Amino acid sequence: MQKKILVTGGCGYIGSHTIVDLLDYGFEVVSADSLFNADEKVLDGIEQITGHRVVNHKVDLADRNACQDMLDAIGHVDGIIHFAAFKSVGESVEKPLMYYNNNINAQINLMDLAPRYGAKFFIFSSSCSVYGNPEELPVTEQTPLQKAESPYAFTKQIGEQIIQDYSKVNDDMKFVLLRYFNPAGAHESAIIGENPINIANNLVPVITETAIGKRPQMTVFGDDYPTRDGSNIRDYIHVMDLAHAHTLSLKYLIDHPDAPQVDIINLGIGEGVSVKEAIEAFEKVTGQKLNYVIGGRRPGDVIAVYADATKAMKTLGWKPDRDIDAIMDTAWRWEQRRTSQS
Ligand code: WQD
């Protein structure tokens, strides 16, 4: 019997790539997305890649009545993958209330209502930013959480705590908290990729937008950090490897009734790459020279964070198939295609 999965944020970057992987592995999928930072055109791309037409329900999940109306329209769901959230570290420092309202209220509404529609599995899009400036590297799922360095990161710490507390009074649902490191890259076809409605803040789209001429120049936010080359270190994970980890997480919960009620899994590839090394990888893979300057530090940035990915491999049987070069190759091909179509 095909399992029906609600993907919130399904028209977004990670949501759309995850829908492709879920469909490829036989799940039925429905999307809910407010389209605040996404375009429904991505559903055409998903159909072109998979042959399946996915329906999106345009809804602000932070509005409880709208969330309930959407779930009434969908009917039964077996599981939920909750991506829908604002995710820019820098923007959250400038607009904290927007982040707290959207990220927390959407999750509460969804978790409170979902069991009434049959949902037994809830996969939460968490983030390595919950570790703050970690006291050890690489970080494991047992690494103590430090102070959140941004309101975005704090909404993810709160989101995880909400699940821990809720799970104590609702043993009908099982949860996997996936702590993403730095998702980047695009589907190999270049038919879908990172396509924010609002200005991109993340490093890789800023690199490709600069290289293609949408931006005259980009800034490296600080090279005076205590790292090997002075720039921040991150764990860049290809979005399709990340997507497949969601499919494997669902299969894990479905196939393992004895799974813990709440499981926490890091999703990074276990390698730290600096900002300067990421730029070098882009220039090597694409042959494009990047126009950048060194600027001041960005508020909210942590110095270095990268994963110990052992648990994802052991629990989910997951392993990354792509590295920073594949990220830059697919991101660049997507940027060229996206620009040629605009
Ligand atoms: C990476 C590095 C910047 C832009 C991300 C996601 C967040 C969460 C955690 C999943 C930093 C530097 C960037 C630029 C730069 N992931 N940079 N110039 O802040 O690590 O957060 O990972 O949930 O959702 O946003 O990612 O790509 O913004 O920054 O120098 O123009 O690139 O300073 O060191 P970040 P990022």
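Along each chain, numbering runs from 1 in the same order as the chain's sequence is written. For this predicted model, a pLDDT threshold of at least 70 governs which residues receive local features, and a threshold of 80 or more governs which side-chain atom pairs are given and counted, while totals over whole chains, interfaces and linings are taken from all residues. Hydrogens and waters are ignored; side-chain quantities use all the structure's heavy atoms.

Peer 1: What is the right way to look at the site of the ligand in this model?
Peer 2: In the vicinity of the ligand there are 22 residues, among which Tyr152, Leu203, Asn232, Arg234 and Asp301 approach most closely. Polar contacts here mean pairs of N or O atoms no more than 3.5 Å apart (in protein, one a potential hydrogen donor and the other a potential acceptor; neighbouring residues in sequence count only if both atoms are side-chain atoms). One of the side-chain nitrogen or oxygen atoms of Asn182 is found 3.0 Å away from an oxygen atom of the ligand. A distance of 2.7 Å separates a nitrogen atom of the ligand from a polar backbone atom of Thr219. Only the protein chains shown count as cover for residues, and all accessible areas are computed by the Shrake-Rupley method using a 1.4 Å probe. Protein chains bury 94% of the 690 Å² of accessible surface belonging to the ligand in isolation. A run of H or I in DSSP becomes a helix once it reaches four residues, and a run of E becomes a strand once it reaches two; helices and strands are each numbered from the N terminus. If you list the elements that add at least two residues to the shell around the ligand, you get strand 5 (121-127), helix 7 (203-212) and strand 8 (218-221). Among the elements that line the shell around the ligand, the one with the most residues is strand 8, at four residues. Across the shell around the ligand, the residue classes break down as eleven nonpolar, seven polar and four charged. Neighbouring residues are identified by heavy atoms, a residue being near a molecule or strand if any of them is within 4 Å of it. Here the term charged refers only to Asp, Glu, Lys and Arg, the term nonpolar to Ala, Val, Leu, Ile, Met, Phe, Trp, Tyr, Cys and Pro, and the term polar to all other amino acids, Gly among them.

Peer 1: What should I look at first to understand the pattern of salt bridges in this one?
Peer 2: Note that side chains of opposite charge can pair when their charged atoms are close. We define a salt bridge as a side-chain nitrogen of Lys or Arg found within 4 Å of a carboxyl oxygen belonging to Asp or Glu. Counted according to the given criterion, the structure contains 23 salt bridges. The partner of Glu160 in a salt bridge is Arg179, with the nearest N and O atoms 2.7 Å apart. Linking Glu160 in helix 6 (residues 151-167) with Arg179 in strand 6 (residues 174-180), this pair joins segments that are 19 residues apart in sequence. For the pair Glu160 and Arg179, one class covers both residues: buried. Taking the shortest distance from any N to any O, the salt bridge between Lys284 and Asp325 comes out at 2.9 Å. Here Lys284 is found in helix 9 (residues 275-286), whereas its partner Asp325 is found in helix 11 (residues 324-341), with 41 residues between them in sequence. Relative accessibility thresholds used throughout: buried, under 20% of the residue-type maximum; exposed, over 50%; partly exposed, between the two (1.4 Å probe, protein chains only).

Peer 1: Teacher, can you tell me more about the environment of Glu160 here?
Peer 2: Since its relative accessible area comes to 5%, Glu160 is described here as buried. For the pair Glu160 and Tyr292, spaced 132 residues apart in sequence, the C-alpha to C-alpha distance is 37 Å. Those residues within four positions of Glu160 in sequence are excluded, and the remaining contacts are Phe124, Ser126, Val130, Leu145, Leu177 and Arg179. Two residues form a contact once any of their heavy atoms are found within 4.5 Å.

Peer 1: It is not clear to me how the packing of aromatic side chains should be interpreted in this structure. Could you clarify?
Peer 2: Aromatic rings in a pair are described by how distant their centres are and how their planes are angled relative to each other. Stacked, edge-to-face and tilted are the three classes for Phe, Tyr and Trp ring pairs, Trp counted by its six-membered ring, which pair at centre distances within 6.5 Å; planes under 30 degrees apart are stacked, over 60 edge-to-face, the rest tilted. Applying the stated criterion across every chain, the model contains seven aromatic pairs. Here a set of aromatic residues connected by ring pairs shows up, and it is made of Phe36, Phe86 and Tyr99. Across the ring face of Tyr225, the terminal group of Arg297 is positioned such that the distance to the ring centre comes to 4.0 Å. Geometrically, a charge over a ring is one whose NZ (Lys) or CZ (Arg) sits within 6 Å of the ring centre while staying within 35 degrees of the ring normal.

Peer 1: Would you take a moment to explain the pairing of strand 1 (residues 4-8) for this structure?
Peer 2: Each regular strand shows side chains that alternate between the opposite faces of the sheet. Burial of strand 1 is extensive: five of the five residues sit out of reach of the surface. Along strand 1, one buried face is formed by Lys4, Leu6 and Thr8 and the opposite face, lined by Ile5 and Val7, is buried too. Two strands pair under a simple rule: DSSP has to find at least two bridges between them. Alignment of strand 1 against strand 2 (residues 28-32), held across five bridges, turns out to be parallel. Following the sheet pairing, Ile5 is matched in strand 2 by Val29. Here, the term right-handed applies to a crossover whose path from the first strand over the helix to the second runs clockwise when the strands point away from the viewer. Between the parallel elements strand 1 and strand 2, the chain passes through helix 1 (residues 13-24) in a crossover that is right-handed. By the bridge criterion, four bridges tie strand 1 to strand 4 (residues 79-82) in an arrangement that is parallel. Its bridge partner being in strand 4, Leu6 is matched across the sheet by Ile80.

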